[in-house]
Amino acid sequence: MVTNTNVSDASMLVRSSHGSRVRAAAATLTCPVFRLLLCVFSGILLCAPVIAEDVQHPTLAVGSPAPDFCLPGVDGQAHCLKDYAASKVLVIAFICNHCPTSQLYETRIKQIAEDYKDKSVAVVAIEPNNPDAVLLNEMGYTDVGDSFEDMKTRAEYRHFNFPYLYDGETQKISTAYGPTATPHLFIFDSDRKLRYEGRLDNNMREPLVSKRDARDAIDALLAGKPVAVAKTPSVGCSTKWLYKEAGRREEIEEIAKKPVSVKPASADDLKALRKNSTGKLLLVDFWATWCGPCRAELPQFETMYRMYGHRAFDLVTVSINYPDEQAGVLKVLSNEHATSTNRILSSTDIYPQLAAFDPDWSAAVPYTLLIRPDGEVVYKRQGTVDPLQLKRLIVANLADDDYHGHQAYWKTSVETRNETKTETAK
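Notes on the structure in this doc start here. What you are looking at is a predicted structure, and each value in this text was computed from that prediction instead of being measured.

A few words now on the nonpolar core. In this structure, Phe286 and Phe357 are the most contacted members of the largest nonpolar core, which totals 31 residues. Residue assignment for this core shows that the elements contributing at least two residues are helix 9 (267-275), strand 11 (281-287), helix 10 (292-308), strand 12 (313-319), helix 11 (326-335), strand 13 (341-345), helix 12 (350-357) and strand 14 (367-371). Examining the composition of this core, we find that four residues originate from one element, strand 11, more than from any other.

Here you go:
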């Protein structure tokens, strides 16, 4: 079962090179003896300053030449620095899939690529994150992770009009540039000297933008003028360096420790479940131990629960097994570390119970619904689900909390996609 983790970063701006874990261990061995003893007996990592210095990674300084690169793109081609030699200005944007801040800038980066495509400006995006270092609760605003295959999915879904390159495996190029967060832009002149690095503009909420720093830098370079403000801070999600994989392993261990339970559900319980008075977006999965497709997709539902569960989202699984089969149900759920809310029918007279939830349901499983807090069903599927479609509907129907405008961004995309499919069907 593939999961990510819920471990907070020590700092949003902590950075590391590919070999940081090896070098950190070596650095520890160079600590004085008394310091090692203090580390051991106090249980406090007094060697941390040495390790912290080692994992930190400087951002490329303004005036530096562009570090060379050749990286695979989602288009199946290798893209190298030399490929853009004819452009007067080169914009390299470090972005990723999972980060809600980066997502809110996708359209703006696309617009820059479109507005300057005939002005000798090349826009290239690089995904710096190691996908195995992305924490699960960091995926609460996304449909996909940061793997190369996920990048292809995102680029196709969002119609990226710029090369999207992968550096997550070795992070060699990201190490050379040193992006602190996604998004983080680096803008080079015709000699490929860095003339601007930092944010795209001064507000991730687009209606509140009052300064377009990246466009100002591009315009200045095209006009042969110096960039007035060459460096700005870049707010976003911290770069997921390889050393953060340790947090993922810790989270898997924590998930395995959590209790798994299953409780009986009466007809009245199922009526209440359908009404959804929880105040949350509710995913309901009806399944059975003897249903192969049900068991095959159960891990995917649990992954969704771990992705979105820290938001106003909940997952309830309902087994239609008989009550005396509860031990077998619990065994399956325990094997999947299913820490969601789990129910089993309370009577062997199952049809009235199932009808209490949905009188129009044929009672076949798997049967999955996504129900808004107002009781509106936004997804209903008898049979196996399309996980990607379901995750997109989840993020499109979760109310904004920390990132205002995020729901609208996803909702608009989902609705546009559905309209396109309808027109195609006609």
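Still more ground to cover, so stick around.
This paragraph deals with the pairing of strand 12. Among the seven residues that make up strand 12, seven are buried, leaving the element largely enclosed by the rest of the structure. Of the two faces of strand 12, the one holding Phe313, Leu315, Thr317 and Ser319 and the one holding Asp314, Val316 and Val318 are both buried throughout. Where strand 11 and strand 12 come together, seven bridges link them in parallel fashion. Counterpart to Leu283 in the pairing with strand 12 is Leu315. A crossover links strand 11 with its parallel partner strand 12, the connecting element being helix 10, and its sense is right-handed. Judged from the four bridges that link them, strand 12 and strand 13 form a sheet pairing that is parallel. Residue pairing in the sheet places Ser319 in a bridge with Ile344 of strand 13. As a crossover connection, the stretch from strand 12 through helix 11 into strand 13 is right-handed.

Turning our attention to the packing of aromatic side chains. Going through the model one piece at a time under the given rule, you end up with 14 aromatic pairs. Each residue in the set Phe94, Tyr177, Phe186 and Phe188 is aromatic and connected to the rest through ring pairs, giving one cluster. For the cation-ring pair, Arg108 lies above Tyr105, with the distance from its terminal atom to the ring centre recorded as 4.0 Å.

Moving on: the state of the cysteines. For the structure on display, the rule yields three disulfides. Each sulfur in the disulfide pair Cys70 and Cys80 lies 1.8 Å from the other. Here the disulfide of Cys70 and Cys80 is right-handed, its torsion about the S-S bond being about 110 degrees. Linking Cys70 in strand 1 (residues 70-72) with Cys80 in strand 2 (residues 78-80), this pair joins segments that are ten residues apart in sequence. A relative accessible area of 9% places Cys80 in the buried class. Across the disulfide, Cys291 is cross-linked to Cys294 (sulfur-sulfur distance 2.3 Å). Between Cys291 and Cys294, the S-S dihedral sits near 80 degrees, and the bridge is therefore right-handed.

Another aspect to go through is helix 4 (residues 100-115). When the terminal C-alpha atoms of helix 4 are compared, their 24 Å separation across 16 residues agrees well with the 22 Å that a helix rising 1.5 Å per residue should span. Its axis deflected by about 35 degrees at Glu106, helix 4 carries its strongest bend there. Inspection of helix 4 places Pro100, Thr101, Ser102, Gln103, Leu104, Tyr105, Glu106, Arg108, Ile109, Ile112 and Ala113 among the buried residues, and these make up the whole buried set.

For the rest of this paragraph, the subject is the sheet that holds strand 12. Spatially, six strands are ordered 10-13-12-11-14-15 in an open sheet, and the strand pairing comes out mixed. If you trace the sheet from one side to the other, it starts and ends with strand 10 (263-265) and strand 15 (377-382), each paired once. This sheet shows a mean twist of 25 degrees between the axes of neighbouring strands, independent of strand direction. Sheet topology note: the strand 11/strand 14 ladder contains five bridges and is antiparallel. Note that in strand 14 the partner of Asp285 across the bridge is Thr368. The sheet contacts of helix 9 involve strand 10, strand 11, strand 12, strand 13, strand 14 and strand 15, and relative to strand 10 the element is tilted by about 85 degrees.

Rules and cut-offs
Residues numbered from 1 in each chain as written. Predicted model: local features only at pLDDT ≥ 70, side-chain atom pairs only at ≥ 80, totals over all residues. Heavy atoms only, no water. Core = buried A, V, L, I, M, F, W, Y, C linked by side-chain atoms within 4.5 Å. Buried < 20%, exposed > 50% of the residue type's maximum accessible area, 1.4 Å probe, protein only. Helix = DSSP H or I, 4+ residues; strand = E, 2+ residues; numbered from the N terminus. Pairing = 2+ DSSP bridges. Right-handed = clockwise from strand over helix to strand, strands pointing away. Phe/Tyr/Trp six-rings, centres within 6.5 Å; stacked < 30°, edge-to-face > 60°. Lys NZ or Arg CZ within 6 Å of the ring centre and 35° of its normal. Disulfide = S-S within 2.5 Å. Expected span 1.5 Å × (residues − 1). Bend = angle between axes of the 7 residues up to and from the residue. Axes fitted to C-alpha atoms, helices over the stretch in contact; angles between N-to-C directions. Contact = heavy atoms within 4.5 Å.

Bear in mind that shape data such as this cannot, by itself, settle questions of function.
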